[in-house]
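Residue strings, one per chain:
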Amino acid sequence: MDEGLLTFVRAPRFESEGADMSVVAIDRSECAPTPGTSYGASRPWPGPDTFSATFHFAWTVEHFLVRARVTDAVHYQPFRGHFMYNADSLQIGLDPLLRRGDTAGSLYVFNVALTPEGPEVFRWQTPYEEASPEFTPPQGNRSLGDTYLSVTSWEKGLVYDLALPWSELAPIAPGIGTRMGLYIILFNND
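Criteria and cut-off values
Residues numbered from 1 in each chain as written. Predicted model: local features only at pLDDT ≥ 70, side-chain atom pairs only at ≥ 80, totals over all residues. Heavy atoms only, no water. Helix = DSSP H or I, 4+ residues; strand = E, 2+ residues; numbered from the N terminus. Buried < 20%, exposed > 50% of the residue type's maximum accessible area, 1.4 Å probe, protein only. Contact = heavy atoms within 4.5 Å. Areas by Shrake-Rupley, 256 points an atom, 1.4 Å probe, with all protein chains shown as cover. Pairing = 2+ DSSP bridges. Axes fitted to C-alpha atoms, helices over the stretch in contact; angles between N-to-C directions. Salt bridge = Lys/Arg side-chain N within 4 Å of Asp/Glu carboxyl O.

A. Region of the structure containing the overall build of the protein chain. Regarding its fold elements, the protein chain presents one helix and 10 strands. In the protein chain, the order of α-helices and β-strands from amino to carboxyl end is β-β-β-β-α-β-β-β-β-β-β. Scored against the burial criterion, the 190 residues of the protein chain give a buried share of 40%. Of all intrachain contacts in the protein chain linking residues separated by at least 6 positions in sequence, the fraction that spans at least 24 positions is 57%. Here the protein chain has roughly 10,700 Å² of accessible surface; of this, 52% comes from carbon and sulfur atoms.

B. Focus on the sheet that holds strand β5 (residues 108-115). If you trace the five strands from one edge of the open sheet to the other, you get β7-β6-β5-β4-β10, paired in antiparallel fashion. A single partner strand is all that each edge strand has here, and the edge strands are β7 (142-145) and β10 (181-187). Each strand axis lies, on average, 20 degrees off the axis of its neighbour in the sheet, ignoring direction. Here seven bridges tie β5 to strand β6 (residues 118-125), and the two strands are oriented antiparallel to one another. Its bridge partner being in β6, Val112 is matched across the sheet by Val121.

C. Seen up close, the pattern of salt bridges. Applying the stated rule across the entire model yields four salt bridges. In this structure, Arg80 and Glu117 form a salt bridge, with 3.3 Å as the shortest nitrogen-oxygen distance. Taken as a pair, Arg80 in the loop between β3 (63-72) and β4 (89-95) and Glu117 in the loop between β5 and β6 lie far apart in primary sequence, 37 residues in all. By relative accessible area, Arg80 is classed as partly exposed at 46%. Connected through salt bridges with shared partners, the residues Arg80, Glu117 and Glu120 form a single ionic network.

D. Representation of the environment of Thr50 within the structure. Its location among the elements puts Thr50 in the loop between β1 (22-26) and β2 (51-59). Residue classification places Thr50 among the partly exposed residues on the basis of a relative accessible area of 37%. Along the sequence, Thr50 and Asp72 sit 22 residues apart, while their C-alpha atoms lie 5.7 Å from each other. Dropping the residues within four chain positions of it, Thr50 is found in contact with Thr71, Asp72 and Ala73.

Right, here's the structure in full:
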């Protein structure tokens, strides 16, 4: 059986800067894999002051909003596109219809990073199994560039601001009470 943390996050409608946004902290040892048990888990987690993040979620009529404030003293990201997961980056998986299926075919998976050329959002996977006469999933393995992402630095790391338009998450549409699945992975390579 796979292990992980399960939580439920409310994403309020974003009305203005400073408005209440749901927060998820990835800052405990339970959030990190045990060394040697999964891809990239070759050393123990160094603690929240060295590597952690807080995620804020909200939405507007136009966008699904994610702000990630990452604590990481050393930013290392020499890659772009598909292979950015081999260095410092975030992976955000969204199950637009809350099907709770396997990753392949039922989820959107976006990798987000500050690359040598600047911020980049890479759409790795799409919910191609949801294809219908009314919905044609977009192509996977495609860079979306920096159109939806800004990255700023702070004294202990980086802040990623992602504003994905709902058109990138079709067939879901925004609304009060809408539910979708979400997973987050932090990659760190010093």
